[in-house]
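Observations on chain architecture
If you want the building blocks of each chain, they are given just below.
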Amino acid sequence: MFSLMKRNLTLYFKDRSGLFFSILSSLIVLGLYIVFLKNGMLKNWSEVPHTVKVLDPWLIGGMLSVTATTTTLAGINRLVKDREQQQLQDFLITPVKPFLIQLGYFLSAVVIGIIMQIIVFLTAWGYFAYSDNIEVETNVFLPLLGLAIINAFSASAISLLVVTFIKKLTTLSTVSSIISTASGFFSGIYIPIGSLPTFAQTLIKIYPGSYSASLYRRLLMNNKLSSSFKHLSNNELIDFKKQLGIGYQWQSMTSSTQEFSVLIIALLAALLIVAFKSFFENRLRKDRRL
């Protein structure tokens, strides 16, 4: 299993073009924000003091959610490539159990997701520190790393679930393009959730990645929100959070505990479905040999 992980990680990081395209969605998000979205959002929230120091971390939270989605999917794409090129069959005839082989693909995607989230965070933070003098409190680094790990596990499980139903590289390419494009929308970056109709808001609220974006925003914006809204009413703060996806309105606003639970449930549910599918496929394979 660890040999498979090492192989997958080596292949991923050696593929420079694939590495770039796996974070392209996050870079596009950053570019769109700088060129098109930022000025409009600053005008919309001009009554909030130090608006730029609130909105920049908001964007970083969304970028990290997108990064986890796209990079784990790119990392676990190796499973489809190996399946189509018959290399997976070579692995399956070894003494290693099929479960451990899938686990190797899954864990390599997790590692990729963690590393790439860290790289994107440092890149975005570095840019905003230079352009807007944004600071990130050192006491959030450890919680951010913990969230990046959980987010990578959850995104990898969902990616594994997706690719287990894909047999062809051409199909994989199409699905990857759709997911990469849609991830920015579903994380509430291109258009803040409060500006969308009810149906579109519901789509975002049933997407697990939107909850990782909210959790990141809570961590990165907590002190800044307290500072910027200290002279404004609590209702204005609540409205700001509703509009920008810092928590989501169901019967009441979601808490960080509930959002964390969504990631864990998505992780377990995806792995459970993959496990059942693998079990029945193995049973069918054995029956055919008899």
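Residues numbered from 1 in each chain as written. Predicted model: local features only at pLDDT ≥ 70, side-chain atom pairs only at ≥ 80, totals over all residues. Heavy atoms only, no water.

In terms of regular secondary structure, the protein chain is built from 12 helices and 0 strands. Seen in sequence order, the protein chain has helices and strands lined up from the N terminus as α-α-α-α-α-α-α-α-α-α-α-α. For a compact globule of 290 residues, the expected C-alpha radius of gyration is about 19 Å, and the protein chain comes in at 20 Å, within 12% of that figure. If one aligns the C-alpha atoms of the protein chain with their principal axes, the spans along those axes are about 75 × 40 × 35 Å. Burial analysis of the protein chain (290 residues in total) assigns 45% to the buried set. By sequence separation, contacts in the protein chain at least 24 residues apart represent 81% of the contacts at least 6 residues apart. Approximately 14600 Å² of the protein chain is accessible, and the part contributed by carbon and sulfur atoms is 65%. Across the protein chain, the centroid of the 26 positively charged side chains sits 9 Å from that of the 14 negatively charged ones. (Helix = DSSP H or I, 4+ residues; strand = E, 2+ residues; numbered from the N terminus. Rg over C-alpha atoms; globule rule 2.2 N^0.38 Å. Buried < 20%, exposed > 50% of the residue type's maximum accessible area, 1.4 Å probe, protein only. Contact = heavy atoms within 4.5 Å. Areas by Shrake-Rupley, 256 points an atom, 1.4 Å probe, with all protein chains shown as cover. Lys, Arg positive; Asp, Glu negative; His and termini not counted. Charge placed at Lys NZ, Arg CZ, Asp CG, Glu CD.)

Further remarks concern unusual backbone geometry. Across residues other than glycine, the phi torsion is negative in most instances, and most of the peptide bonds are trans. In this structure, H50 takes a positive phi of about 55 degrees despite not being glycine. Take H50: its relative accessible area is 55%, and that puts it in the exposed class. Of note, N133 is a non-glycine position whose phi angle comes to about 60 degrees, a positive value. Tracing the backbone through its elements, the reader meets N133 in the loop between helix 6 (98-132) and helix 7 (141-163). For N133, a relative accessible area of 48% corresponds to the partly exposed category.

The interhelical angle for the contact between helix 7 and helix 10 (residues 208-228), taken along N-to-C directions, is 175 degrees, at an axis separation of 11 Å. As summarised for this structure, helix 7 and helix 10 are arranged roughly antiparallel, according to the angle between their axes. Together, P143, L144, L147, A148, N151 and I158 of helix 7 and P208, S212, L215, Y216, L219 and L220 of helix 10 make up the contact between the two elements. (Axes fitted to C-alpha atoms, helices over the stretch in contact; angles between N-to-C directions. Parallel < 35°, antiparallel > 145°, perpendicular 65-115°, else oblique.)

A word on helix 8 (residues 169-186). Under the 1.5 Å per step criterion, the end-to-end length of helix 8 is 25 Å for 18 residues, consistent within 8% with the ideal 26 Å. Its buried side turned inward, helix 8 meets helix 3 (24-44), helix 4 (51-84) and helix 7. In the stretch just after helix 8, G188 is the one whose phi turns positive, near 70 degrees. (Expected span 1.5 Å × (residues − 1).)

Let us look at the nonpolar core. Of all hydrophobic cores here, the largest spans 42 residues; its most connected members are L59, L225 and F240. Breaking this core down by element, the ones donating at least two residues are helix 1 (2-14), helix 3, helix 4, helix 6, helix 7, helix 10 and helix 11 (234-244). A total of 8 residues in this core trace back to one element, the largest contributor, which is helix 4. Once residues lying within four places of it in the same chain are set aside, the contact partners of F240 are W45, V54, L55, M221, L225, F229 and I246. Membership of the second largest hydrophobic core comes to 22 residues, among which are M5, V80, I114 and L160. (Core = buried A, V, L, I, M, F, W, Y, C linked by side-chain atoms within 4.5 Å.)

The subject of this paragraph is the environment of G245. Looking at the element boundaries, G245 is found in the loop between helix 11 and helix 12 (256-289). With a relative accessible area of 1%, G245 lands in the buried category. For G245, the contacting residues outside a window of four places in its chain are I193, S214 and R217.

Where charged atoms from two side chains of opposite charge come close, those side chains can pair. Applying the stated criterion across every chain yields a total of 4 salt bridges. Between D56 and K38 there is a salt bridge, with the nearest N and O atoms lying 3.9 Å from each other. Of this pair, D56 sits in helix 4 while K38 sits in helix 3, placing them 18 residues apart in sequence. Relative accessible area serves as the criterion here: at 0%, D56 is assigned to the buried category. Note that E259 is salt-bridged to R218, the shortest N-O span being 2.9 Å. Taken together, the residues span a long stretch of sequence, with E259 in helix 12 and R218 in helix 10 at a distance of 41 residues. Given a relative accessible area of 0%, E259 falls into the buried group. In this structure, a network of salt bridges that share partners links the residues K38, D56 and D132. (Salt bridge = Lys/Arg side-chain N within 4 Å of Asp/Glu carboxyl O.)

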